[in-house]
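# Structure assessment
So you can see what is in the structure, the chains are spelled out below.
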Amino acid sequence: MRADALRTAVTLYETGTVDIAGAARSVGVSPARMRRCLRANGVSVGTGDESHPASEPAARAR
């Protein structure tokens, strides 16, 4: 996985442009791995929730 592609996917997820599945597709990984990558980059994600980040309370608080 390329670092610049991961940074872009993280940013898109944080801004609500894509959900976890969309972010994962953009870097070619599974949604589970994308969740781990998001958490490793300090991004709060719902447990197993594939919904848009704006619907997650932790994402709204950021």
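Preceding block: the structure.
Each chain carries its own residue numbering, running from 1 in the direction its sequence is written. Whole-chain, interface and lining totals are the exception, using all residues; otherwise, since this is a predicted model, local features are given only for residues with pLDDT of at least 70 and side-chain atom pairs are given and counted only at 80 or more. No hydrogens and no water enter the side-chain calculation; it runs on all heavy atoms of the structure.

## Overview of the overall build of the protein
Along its length, the protein carries four helices and zero strands. If you list the helices and strands of the protein from N to C, you get α-α-α-α. Relative to its 62 residues, the protein shows a buried fraction of 37%. When contacts within the protein are restricted to residue pairs at least 6 apart in sequence, long-range pairs at least 24 apart make up 46% of them. Numbering of helices and strands starts at the N terminus; helices are DSSP runs of H or I of at least 4 residues and strands are runs of E of at least 2. Each residue is placed in one exposure class: buried if its accessible area under a 1.4 Å probe, protein chains only, is under 20% of its type's maximum, exposed if it is over 50%, and partly exposed if it falls in between. The contact criterion used is simple: two residues touch if any of their non-hydrogen atoms lie within 4.5 Å.

## A word on the pattern of salt bridges
Any carboxyl oxygen of Asp or Glu within 4 Å of a side-chain nitrogen of Lys or Arg constitutes a salt bridge here. Tallied over the entire structure, the rule returns one salt bridge. The partner of D4 in a salt bridge is R2, and the shortest N-O contact between them spans 2.7 Å. Judged by its relative accessible area of 35%, D4 is partly exposed.

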